[in-house]
Amino acid sequence: MTVCKKSEKQYFVQVGNRQVEVNHEVYLEIYKDYLYEKNQERKRRRYNVLSLDAMNEENNNVYDFVPDLRSNTEEEAIHEVTIHKIKEILKEIDKDNIILLKYLHEYSESEIAAVLGISQAAVSKKMQKVMEILRSFVL
């Protein structure tokens, strides 16, 4: 519920897609709650407060925010750098995004051929060429 507008002796609040007229007392209560929430959000951003209740309300998993002490940060950093390099290489050598279509979106070679408007044999050759370049980079 958000505050919408206030005109002379008429008070309106937004409920869903509609504006509903309310009396002065209801308007003040809603406006007070609105200002309180806005102030709390400002404080959370300013002081980087991590609210476990807020995470629960947003249907986030609290464990996504708690660091895993078993994780190896060095390995993760190396993994991130490797992934970044592979993405950069793919931008250069796979202009048609064949690898993305094949392995991420799980398209078949014939579906990729239909999307790109080329033959299945051409898709197969392009995919082999891209995979050879990637193998040489990784190994």
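Residues numbered from 1 in each chain as written. Predicted model: local features only at pLDDT ≥ 70, side-chain atom pairs only at ≥ 80, totals over all residues. Heavy atoms only, no water.

**Q** Describe unusual backbone geometry, with residues and values.
**A** In most cases, non-glycine residues show a negative phi, while peptide bonds are predominantly trans. Backbone geometry at N97 places phi at a positive 60°, although glycine is not the residue there. Examined against the element boundaries, N97 turns out to sit in the loop between α3 (73-93) and α4 (98-104). Residue N97 is classed as partly exposed on the basis of its relative accessible area of 38%. Backbone geometry at E106 places phi at a positive 55°, although glycine is not the residue there. Looking at the secondary structure, you find E106 in the loop between α4 and α5 (109-116). (Helix = DSSP H or I, 4+ residues; strand = E, 2+ residues; numbered from the N terminus. Buried < 20%, exposed > 50% of the residue type's maximum accessible area, 1.4 Å probe, protein only.)

**Q** Kindly report on the nonpolar core, identifying the contributing residues and their values.
**A** Soluble globular proteins tend to bury their nonpolar side chains together. With eleven residues, the main nonpolar core is built from I86, I89, I98, I99, L101, I112, A113, V123, M127, V130 and L134. Secondary structure elements with two or more residues in this core: α3, α4, α5 and α6 (120-138). Element by element, the count of residues in this core is highest for α6, at four residues. Aside from chain neighbours lying at most four places away, what touches M127 is I98, I99, K102, Y103, E109 and I112. Among the nonpolar cores identified, the runner-up in size contains five residues, and V13, V22, Y27 and I30 belong to it. (Core = buried A, V, L, I, M, F, W, Y, C linked by side-chain atoms within 4.5 Å. Contact = heavy atoms within 4.5 Å.)

**Q** Can you tell me about the packing of α3 against α6, naming the residues and giving the values?
**A** Where α3 contacts α6, the axes come no closer than 11 Å and their chain directions differ by 150°. Taken together, the axes of α3 and α6 are roughly antiparallel relative to one another. The element α3 and its partner α6 pack so that their crossing is right-handed. Of the residues in α6, those in contact with T82, K85, I86, I89, L90 and I93 of α3 are V130, I133, L134, F137 and V138. Of the residues contributing to the contact of α3 with α6, the split by class is nine nonpolar, one polar and one charged. (Axes fitted to C-alpha atoms, helices over the stretch in contact; angles between N-to-C directions. Parallel < 35°, antiparallel > 145°, perpendicular 65-115°, else oblique. Left-handed = near helix turned anticlockwise from the far one by under 90°. Nonpolar A, V, L, I, M, F, W, Y, C, P; charged D, E, K, R; others polar.)

Keep in mind these values describe shape, not function.
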